[in-house]
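# Observations on the three-dimensional arrangement
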Amino acid sequence: ARPGPARCPRTEMISRARRSGFRVTLVTSGWGLEPARLESWPGLTIRASLHGLTAASWRALHPRQSASGLGEILGRLAEATALGVRVEAYHVLCRDNYREAGEAVSLGRQRGFARTSFRPFLPFPGGESLEIPAAERGELAQALEEARQRGREHAHPVSIEGFPPAVTPPPAAAPRLP
């Protein structure tokens, strides 16, 4: 059994940090979020790691978890946004999910997330490589541009970090007026 919100060590740590003027961000997969705890953490930002947005990519990236896991996590994040918690979606892009980048931005907007961020997969030493094959880097660039475009269309902030410049050229500058 987990301790209640008043006895949870994280609750005290977050409360102290907030009282001291710090901004607090909780990076999580979303599995452990509980509304009772969120209510006791005012001013918290949740940075949720969402890495598979379709049934196929969810199963590929989360083989040991329930097929309904993404729905469960999105439900918990919906509860968080309903409580006024700032939620940011964080996506690590790899060979199994990079084509979903535009869809991720639309989902973030629909769910009321404050921002949608993308970073490249970084392999673990000795682990399976999920890196995007070099032959698919052009498709990755197109997927990221689609994500930027959807962000502009939905007025939803999109952050693309850590990709090589050849994959993510800087956003187009606004036209200058005469």
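Residues numbered from 1 in each chain as written. Predicted model: local features only at pLDDT ≥ 70, side-chain atom pairs only at ≥ 80, totals over all residues. Heavy atoms only, no water.

## A few points about the nonpolar core
As a reminder, the rule being used: The definition of a nonpolar core used throughout is a set of buried Ala, Val, Leu, Ile, Met, Phe, Trp, Tyr and Cys residues joined through side-chain atoms within 4.5 Å. A simple rule labels every residue: compare its accessible area, found with a 1.4 Å probe on the protein chains alone, to the largest value its type can have, and call it buried under 20%, exposed over 50%, or partly exposed in between. By definition, residues are in contact when any of their heavy atoms lie within 4.5 Å.
Counting residues in each nonpolar core, the largest one holds 36 residues, and the members touching the most others are Ile46, Leu50, Leu77 and Phe118. Apart from the residues lying within four places of it in its own chain, the contact partners of Phe118 are His91, Leu93, Ala101, Ala104, Val105, Leu144, Ala147, Val158, Ser159, Ile160, Glu161 and Phe163. Membership of the second largest hydrophobic core comes to five residues, among which are Tyr90, Val92, Phe121 and Leu130.

## Section: the confidence of the model for the chain
Condition: pLDDT expresses how confident the predictor is about each individual residue, on a scale running from 0 to 100. Helix and strand labels come from DSSP, where a helix needs a run of H or I of at least four residues and a strand needs a run of E of at least two; each type is numbered from the N terminus.
Here the chain averages 83 in pLDDT, while 88% of its residues score no lower than 70. When mean pLDDT is compared element by element in the chain, strand E5 (residues 158-160) scores highest at 94, while helix H2 (residues 35-39) scores lowest at 73.

## Remarks on the pairing of strand E3 (residues 86-93)
Rule in force here: Any two strands with at least two DSSP-identified bridges between them are counted as paired. Think of it like this: strands point away, you trace from the first strand over the helix to the second, and a clockwise trace means the crossover is right-handed.
With seven of eight residues buried, E3 lies mostly within the body of the structure. Across five bridges, the pairing between strand E2 (residues 44-49) and E3 is parallel. Paired with Ile46 across the strands is Val87, a residue of E3. Relative to strand E4 (residues 115-120), E3 runs parallel, the two being bridged by six bridges. The residue of E4 that forms the bridge with Ala89 is Thr116. In the classification by handedness, the crossover that spans E3, the intervening helix H5 (residues 101-111) and the parallel E4 is right-handed.

## Some points on unusual backbone geometry
Of all residues except glycine, most have a negative phi; of all peptide bonds, most are trans. The residue Ala155 is not glycine, and still its phi comes out positive at about 50°. The residue Ala155 is located in the loop between helix H6 (137-154) and E5 in this model.

## Let's talk about the sheet that holds E5
Applied cut-off: For helices, the axis comes from a line fit to the C-alpha atoms of the stretch in contact; other axes are also lines fit to C-alpha atoms, and the angle between any two N-to-C directions lies between 0 and 180 degrees.
Strand order in the open sheet formed by five strands is E1-E2-E3-E4-E5, and the pairing between neighbours is parallel. Looking at which strands have only one partner, the edges of the open sheet turn out to be strand E1 (24-28) and E5. Across the sheet, the mean angle separating the axes of adjacent strands is 20° when strand polarity is ignored. Both E4 and E5 contribute to a ladder of three bridges, which runs parallel. Among the inter-strand pairings, Ser117 is bridged to a residue of E5, identified as Ser159.

## Considerations on helix H1 (residues 9-19)
Filter applied, for reference: The directions from the helix axis to the C-beta atoms form the arc being described.
When we look at burial in H1, the residues that qualify are Thr11, Ile14, Ser15 and Ala17. Seen along its axis, H1 keeps its buried residues to an arc of 165°; they face one direction. Of the exposed residues in H1, those oriented more than 90 degrees away from the buried face are Pro9, Met13, Arg16 and Arg19. Summarising the contacts, the buried residues of H1 are in contact with E1 and E2. One or two steps after H1, the chain reaches Gly21, where phi turns positive at roughly 95°.

## Points about the environment of Gly52
Relative to the elements of secondary structure, Gly52 occurs in the loop between E2 and helix H3 (55-61). Residues Gly52 and Ala104, 52 residues apart in the sequence, show an inter-C-alpha distance of 9.1 Å. Sequence-distant contacts of Gly52, that is, excluding residues within four places in its chain, are made with Ser57, Trp58, Leu61, His62, Leu70 and Glu100.

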